[in-house]
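Listed here are the chains, written in short residue letters.
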Amino acid sequence: MALKGKKVIEFAGLAPAPFAGLVLSDNGASVIRVNRPSASTLDVLCRGKRSIAINSKIPSGRELLKRLVASSDVLIDPFRPGVMERLGLGPDVFLGDSGMNRRLVYARIVGFPRTGPYKDMAGHDLNYLALSGVLSMLPGSVDKPSFPLNLLADFAGGGMYLATKILLALLERNESNQGQVVDVDMVTGTRYVSTSPLIHRLNPSTGRFAAERGANLLDGGAPFYDVYLCRDGGLMTLACIEPHFFKIFIEKFLEALPEHFVLSDEWREFPAAVAHADRKSWPKLKQFLMSGFSLRTRNDWADIFFATDACCVPVLTPEEAAQKSTSSSREAGSCLLNPGQHTKEVLTAELGLTENEYEDLLDEGVISQCSGD
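Before going into details, it helps to say that this report is about the structure given with it. (Residues numbered from 1 in each chain as written. Predicted model: local features only at pLDDT ≥ 70, side-chain atom pairs only at ≥ 80, totals over all residues. Heavy atoms only, no water.)

**Here's the deal with a nonpolar patch on the surface**
Quick reminder of the rule: By definition, no residue in a patch forms a salt bridge, and every one has over 30% relative accessible area; like charges are joined within 9 Å, nonpolar side chains (Val, Leu, Ile, Met, Phe, Trp, Tyr) within 5 Å. Here, Shrake-Rupley sampling with a 1.4 Å probe gives the accessible areas, and only protein chains in the shown set may cover a residue. Each reported salt bridge corresponds to a side-chain nitrogen of Lys or Arg within 4 Å of a carboxyl oxygen of Asp or Glu. The way it works is that DSSP assigns letters per residue, a run of H or I at least four long becomes a helix, a run of E at least two long becomes a strand, and they are numbered from the N terminus.
Side chains of Val227, Leu229, Leu235 and Val315 sit close together on the surface and give an oily, nonpolar patch of about 300 Å² of accessible area. With respect to the secondary-structure elements, valine 315 resides in the loop between β9 (312–314) and α13 (318–324).

Below you can see the structure in the form of structure tokens.
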């Protein structure tokens, strides 16, 4: 695998940092998560990783961490600015001419930009999404936009963006033989992954996001790019943006409707291309589609549009999607990791501690191991 032989130290944190570590682990890196002794965690992004538990508040614990990082390729820092520096584990300890590991990629992720008025504030995905400008563009009710779980800031603009920057830093290291600090904040990362809609929004002449929220092509305004409720409560997605795909859809759709189903005479045999292109027709077309989809079950519609270019597929539950997914076996793999599960393995077999040294650290409370380690 691409990252085989690369060693990553991931300090335990919330969603974006462990997701970046998961991306690296899934591509062959050896990822070691550093937990606090006796810590509990709900982190499920642990596939392929190992965990050690070290007390960084004890000087000998910090020295142990320095040794680990000094022999690693990547460090992932999930903490607020200044935490690692106060522990004596900041970038200056490892990088530079006098550093312990001049080839280290020191990757840091925070929520708000490291400079600016919000830098010292706590926050979560929704806050970062709000400051990015993207939340104001998302579909929702008349009064307020909805938000896509914590996907945009935590995982796309956070973890995935951080993993990408780490990979680029490793590539650059091949040329320079030098490590570097990689800084990511989730406000900026969210804006980056949202580059296209933001540019369109700031340049209304493109027409893509020129209208108010909920009235544009991709935010629920277009009847041919929306989600529709079926007779059994199931849902179908329709995304036939191109006229030729819409033509395929509407032909199959009309064939599936009972002969008596009409909103008005002209809307039983309406010119599809005109309705698709004419924004004034969109409200009436949406009502027509809503009424039509409500006549059959989700699975009926799924069968009707299967193997066509109508761009119309069912909304699956997570359980249904897992059954159909080619990656479901990997997703079903071990996702939980007990803090300290691999403490002895890593410190003795890889860092070279003797049995006596390991036992001494255990007795001093510098390290801990979970039962069965």
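**Digging into the sheet that holds strand β4 (residues 74–77)**
Applicable threshold: The rule for pairing is simple: two strands pair if DSSP sees at least two bridges between them. Two residues form a contact once any of their heavy atoms are found within 4.5 Å. Axes here mean lines fitted to C-alpha atoms, for a helix over just the part in contact, with angles spanning 0 to 180 degrees between N-to-C directions.
Here we have 7 strands laid out as an open sheet, ordered β6-β5-β4-β1-β2-β3-β10, and mixed in their pairing. Across the chains shown, the open sheet's two edge strands, defined by having one partner strand only, are β6 (180–185) and β10 (367–368). Note: strand β2 (residues 30–35) against strand β3 (residues 50–54), 4 bridges, orientation parallel. Its bridge partner being in β3, arginine 33 is matched across the sheet by serine 51. Together, β5 (105–110) and β6 form the strand contacts of helix α7 (residues 186–193), whose direction differs from that of β6 by roughly 75 degrees.

**As for the environment of asparagine 150**
Counted only if it meets this: Nitrogen and oxygen atoms within 3.5 Å of one another constitute a polar contact, given that in protein one can donate a hydrogen and the other can accept it, and given that sequence-neighbouring residues count only through two side-chain atoms.
Summarising the element assignment, asparagine 150 is placed in the loop between α5 (125–132) and α6 (151–176). Residues asparagine 150 and alanine 15 lie 135 residues apart in sequence; the distance between their C-alpha atoms is 9.1 Å. The contacts of asparagine 150, once residues within four sequence positions are left out, are Ala15, Asp125 and Phe155. A polar side-chain atom of asparagine 150 sits 2.8 Å from a polar atom in the side chain of aspartate 154.

**With respect to unusual backbone geometry**
Here the phi dihedral of leucine 149 falls at roughly 50 degrees; this positive angle occurs in a residue that is not glycine. You can see leucine 149 is positioned in the loop between α5 and α6.

**A short note on the sheet that holds strand β8 (residues 235–239)**
Within the open sheet, the 3 strands sit side by side as β7-β8-β9. Their pairing is antiparallel. The open sheet has two free edges, formed respectively by β7 (225–229) and β9, since each of these has just one partner strand. If you compare each strand with its neighbour and ignore which way they point, the axes differ by 25 degrees on average. The pairing of β8 with β9 spans 3 bridges and is antiparallel. When the sheet's bridge partners are listed, methionine 236 is paired in β9 with proline 314. Strand contacts of helix α12 (residues 298–305): β8 and β9, with the helix running at about 35 degrees to β8, the strand carrying the most contacts.

**A few points about the layout of surface pockets**
Formally: A 1.4 Å probe that fits into a set of points on a 1 Å grid over the protein atoms alone but cannot get out defines a cavity; an open set with protein on both sides within 12 Å along at least five of seven lines defines a pocket, and lining residues are those with an atom within 4 Å of a point. Grid points are joined across faces, edges and corners, and a volume is the space filled by probe spheres set on the points. Classification convention: Asp, Glu, Lys, Arg as charged; Ala, Val, Leu, Ile, Met, Phe, Trp, Tyr, Cys, Pro as nonpolar; all other residues, Gly among them, as polar.
The calculated volume of the largest pocket comes to roughly 630 Å³. If you trace the largest pocket, you find 26 residues lining it, with Ala12, Gly13, Asn35, Arg36 and Phe79 closest to the centre. A total of 3 residues in the lining of the largest pocket trace back to one element, the largest contributor, which is β2. Each residue belonging to the lining of the largest pocket can be placed in one class, and the counts come to 16 nonpolar, 6 polar and 4 charged. Looking at the second largest pocket, its volume works out to about 480 Å³. Lining the second largest pocket are 23 residues; nearest its centre among them are Leu14, Pro78, Gly123, Tyr128 and Met186. The set of elements that each furnish at least two residues to the lining of the second largest pocket consists of α1 (16–26), β5 and α5. Looking at the lining of the second largest pocket residue by residue, the classes come out as 14 nonpolar, 5 polar and 4 charged.

**What to know about the environment of isoleucine 54**
To keep things clear, this is the line we draw: Here's how the labels work: a residue is buried when its accessible area is under 20% of the maximum for its type, exposed when over 50%, partly exposed in between, all with a 1.4 Å probe on protein chains only.
In this structure, isoleucine 54 sits in strand β3. In this structure isoleucine 54 comes out as buried when scored by relative accessible area, which is 2%. Here the alpha-carbon distance between isoleucine 54 and leucine 170, two residues 116 residues apart in the chain, equals 27 Å. Excluding residues within four positions of it along the chain, isoleucine 54 makes contact with Asn35, Arg36, Pro37, Gly61, Leu64, Leu65, Leu68, Val366 and Ile367.

**Quick word on the side chain of asparagine 101**
Topologically, asparagine 101 is positioned in the loop between α4 (91–94) and β5. We classify asparagine 101 as buried; its relative accessible area is 9%. Setting aside residues up to four positions removed in sequence, asparagine 101 forms contacts with Val69, Ala70, Ser71, Ser72, Phe94 and Leu95.

**Brief notes about the packing of aromatic side chains**
Selection criterion: Ring geometry is summarised as follows: Phe, Tyr and Trp rings, the Trp one being its six-membered ring, pair when their centres sit within 6.5 Å, and such pairs are stacked at plane angles under 30 degrees, edge-to-face over 60 and tilted between the two.
Scanning the entire structure with this criterion turns up 17 aromatic pairs. For the pair tyrosine 228 and phenylalanine 293, a centre-to-centre distance of 5.0 Å together with 15 degrees between the ring planes defines the contact as stacked. Pair noted here: tyrosine 228 is in strand β7 and phenylalanine 293 is in helix α11 (residues 282–293), with a separation of 65 residues, a long-range link. Ring-pair connections join several aromatic residues into one group, and the members of that group are Phe224, Tyr228, Phe246, Phe249, Phe253, Trp282, Phe288, Phe293, Trp301 and Phe305.

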